[in-house]
Amino acid sequence: MHDMLVRLMDLPEISKEEKELLEKEGIVFKRPIPPEKSIVVDWVGKHFSTNWADETEAAFTALPVNCFIAQREQEILGFACFESTAKNFFGPTGVLPSERGKNLGKILLVKSLLALKEMGYAYAIIGGVGPASYYEKTVGATII
């Protein structure tokens, strides 16, 4: 697996896609709050891995939490963490298989990268990527 570098000044616009998902499917994107920690961490552990759940738990040590979730009503559909266990790193991230192909992952990715930009970074690292072509196409990331 490779790490990738992404320039945070050239991120794609996602507001239209986010609005469409809200209107058509009732999907909202938000940063969870500390009282939701066990819900989010348990969900990540159940649907992905214990290691990712541990990294997600670490994201809750920051305020605001260094994580975004996508949810429909009370059901979590996807998550993305950033700067959870290493400065200026994006990940882990995941979307339920049943919800893939709707741009949830893209919106979670861009919202996380925008949060890193707001923290003062000009570039971010996407660590240990599997689908390098996805990150290259979506946010212009390059393998380092």
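The rules we used
Residues numbered from 1 in each chain as written. Predicted model: local features only at pLDDT ≥ 70, side-chain atom pairs only at ≥ 80, totals over all residues. Heavy atoms only, no water. Buried < 20%, exposed > 50% of the residue type's maximum accessible area, 1.4 Å probe, protein only. Helix = DSSP H or I, 4+ residues; strand = E, 2+ residues; numbered from the N terminus. Arc of directions from axis to C-beta. Contact = heavy atoms within 4.5 Å. Core = buried A, V, L, I, M, F, W, Y, C linked by side-chain atoms within 4.5 Å. Salt bridge = Lys/Arg side-chain N within 4 Å of Asp/Glu carboxyl O.

Okay, helix α5 (residues 132-139) next. Three or more residues of α5 are buried, namely Ala132, Tyr135, Thr138 and Val139. All buried residues of α5 lie within an arc of 140 degrees about the axis, which places them on one face of the element. Residues Ser133, Glu136 and Lys137 are exposed on α5 and point more than 90 degrees away from its buried face. Residues of α5 that are buried in the fold lie against β1 (2-7), β5 (89-95), α4 (104-118), β6 (123-129) and β7 (142-143). The positive-phi residue at the C-terminal boundary of α5 is Gly140, with phi of around 70 degrees.

Inside soluble globular proteins, nonpolar side chains tend to come together where they are buried. Counting 44 residues, the largest nonpolar core has Val6, Leu113, Ile126 and Val139 as its most contacted members. The greatest single-element share of this core, amounting to 8 residues, is contributed by α4. Ignoring any residue separated from it by four or fewer positions in sequence, one finds Leu113 in contact with Val6, Leu8, Leu11, Phe90, Ala124 and Val139.

What follows covers the pattern of salt bridges. Counted according to the given criterion, the structure contains 10 salt bridges. Across the salt bridge formed by Lys111 and Glu18, the nearest N and O atoms sit 3.4 Å from each other. Taken together, the residues span a long stretch of sequence, with Lys111 in helix α4 and Glu18 in helix α1 (residues 15-25) at a distance of 93 residues. A salt bridge links Lys19 to Glu23, with the shortest nitrogen-to-oxygen separation between them at 3.8 Å. On the criterion of helical spacing, the pair formed by Lys19 and Glu23 is a turn pair, its members being 4 residues apart in helix α1. Here Lys19 matches Glu23 in class, with each residue exposed. Taken together, the salt bridges that share partners define one network made up of Glu25, Arg72, Glu99 and Lys102.

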